[in-house]
Structures are given as structure tokens and as C-alpha cells.
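Understanding the architecture of this molecule
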Amino acid sequence: MEETRRKGSETRNGQQGSLDELREEIEEIDNGIVESIARRTYVAESIARVKEERGMGIHDPDREEEVLERVEERAESLEVDPETVREVFELLMGMSKDEQRRHTDTD
Ligand SMILES: C=C(O[C@@H]1C=C(C(=O)O)C=C[C@H]1O)C(=O)O
């Protein structure tokens, strides 16, 4: 946790960076977030194809609850609001289900 906080708030020389430097750091993080969302979506599309072959539906509420519990625990250990992280992942899972439906005939 300390490592994540340190990486997220200090520049290389160990001091707080300037506003521009800190905003650059945010931009890099944002790019990483968008890339991670894209990767998550591509994997979900592969999962959708496997489910289609097996005659399974897209929506799996038990799996979704597992995902939400895991990310809430992770958020708690990093001292960020678990409820907000839960909401972000509810949105991400909604997005992945929309994409899965667009790429298969399954529902
Ligand atoms: C990706 C899956 O399909 C759906 C989307 C999920 C997700 O985005 O994490 C989880 C469960 C399913 O409702 C899956 O079953 O793993």
C-alpha cells in the first residue's frame, strides 16, 4: 500500500512535483486506465465466444459478485473508497456485457 501511495505522489527526487509534472503523471495513469479497460473488454469478448460454444448466457451474477468483492477488498487495502470502486466496476462489467453481446449471438 505504501509503495502505491509513494509511486502515486512523489517525483523521482522524492519531493512533490510541480503542477505540470503531477498532471503529466495523471495523464500517463489515465492512458494506462484506458488501455486496461480495452484489454479487459478484449478478454471479455474471448470469454463470450467460449460461453457461446458451451451454450451459456453472457450474464453471470455469481461471477460479478466475486469480482465486486475482490475489487472492494483491494480498494480497502489501498485506502480508497470501496463503494466508488464498486460503482466503477459495475460500469465496466456493464460495458463488457454490451461488447460481448455485440460480438456474439448470445444474451
Ligand atoms: C466476462 C464475463 O461475463 C460477464 C461480465 C463479467 C465481467 O465483466 O467481469 C462478469 C460476469 C459476466 O456477467 C465472465 O463471465 O467472466
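Reading guide: rules and limits
- Residues numbered from 1 in each chain as written.
- Predicted model: local features only at pLDDT ≥ 70, side-chain atom pairs only at ≥ 80, totals over all residues.
- Heavy atoms only, no water.
- Near = heavy atom within 4 Å.
- Polar contact = N/O pair within 3.5 Å; in protein donor to acceptor, adjacent residues only side chain to side chain.
- Areas by Shrake-Rupley, 256 points an atom, 1.4 Å probe, with all protein chains shown as cover.
- Helix = DSSP H or I, 4+ residues; strand = E, 2+ residues; numbered from the N terminus.
- Axes fitted to C-alpha atoms, helices over the stretch in contact; angles between N-to-C directions.
- Left-handed = near helix turned anticlockwise from the far one by under 90°.
- Contact = heavy atoms within 4.5 Å.
- Nonpolar A, V, L, I, M, F, W, Y, C, P; charged D, E, K, R; others polar.
- Patch = residues over 30% accessible without salt bridge, like charges linked within 9 Å, V, L, I, M, F, W, Y side chains within 5 Å.
- Salt bridge = Lys/Arg side-chain N within 4 Å of Asp/Glu carboxyl O.
- Lys, Arg positive; Asp, Glu negative; His and termini not counted.
- Charge placed at Lys NZ, Arg CZ, Asp CG, Glu CD.
- Buried < 20%, exposed > 50% of the residue type's maximum accessible area, 1.4 Å probe, protein only.

As recorded by an unreviewed UniProt entry, the protein carries the name Chorismate mutase and is attributed to Halorutilus salinus.

1. Let's talk about the site of the ligand
Every residue lining the ligand is accounted for by R40, I47, K51, I58, H59, D60, R63, E64, M93, S96, K97 and Q100. In this structure, R40 approaches the ligand through a side-chain N or O atom, which is 2.8 Å from an oxygen atom. Here the ligand, which alone exposes 360 Å², has 92% of that area covered by the protein. When contributions to the shell around the ligand are tallied by element, the ones reaching two or more residues are α2 (19–53), α3 (61–77) and α4 (82–103).

2. A closer look at the packing of α3 against α4
When two helices pack together, their arrangement is given by the angle between the helix axes and by the axis-to-axis distance. Where α3 meets α4, the axes come as close as 9 Å, and the angle between the chain directions of the two elements is 145°. Helix-helix and strand crossings are classified by hand; for α3 and α4 the assignment is right-handed. Between α3 and α4, the contacting residues are E64, E65, V67, L68, V71, E72, A75 and E76 on the first element and P82, E83, V85, R86, F89, E90, M93 and K97 on the second. Of the residues belonging to the contact of α3 with α4, the class tally is eight nonpolar, no polar and eight charged.

3. Here's the deal with a negative patch on the surface
On the surface, a cluster of negative charge is made up of D20, E21, E24, E27, E28 and D30. With respect to the secondary-structure elements, E24 resides in helix α2.

4. Comments concerning the environment of A44
Counting through the fold element by element, A44 comes out in helix α2. Overall, the relative accessible area of 7% leaves A44 in the buried class. Placed 51 residues apart in sequence, A44 and M95 show a C-alpha to C-alpha distance of 9.8 Å.

5. Let's talk about the pattern of salt bridges
Tallying each qualifying case throughout the model produces seven salt bridges. In this structure, E64 and K97 form a salt bridge, with 2.9 Å as the shortest nitrogen-oxygen distance. Of this pair, E64 sits in helix α3 while K97 is found in helix α4, placing the two residues 33 residues apart along the sequence. K97 carries the same exposure label as E64, and that label is buried. The closest approach of N and O atoms between R102 and E99, which form a salt bridge, is 3.1 Å. With a gap of three residues between them, R102 and E99 both fall in helix α4, about one helical turn apart. Through salt bridges that share partners, E65, E72, R86 and E90 make up one connected network.

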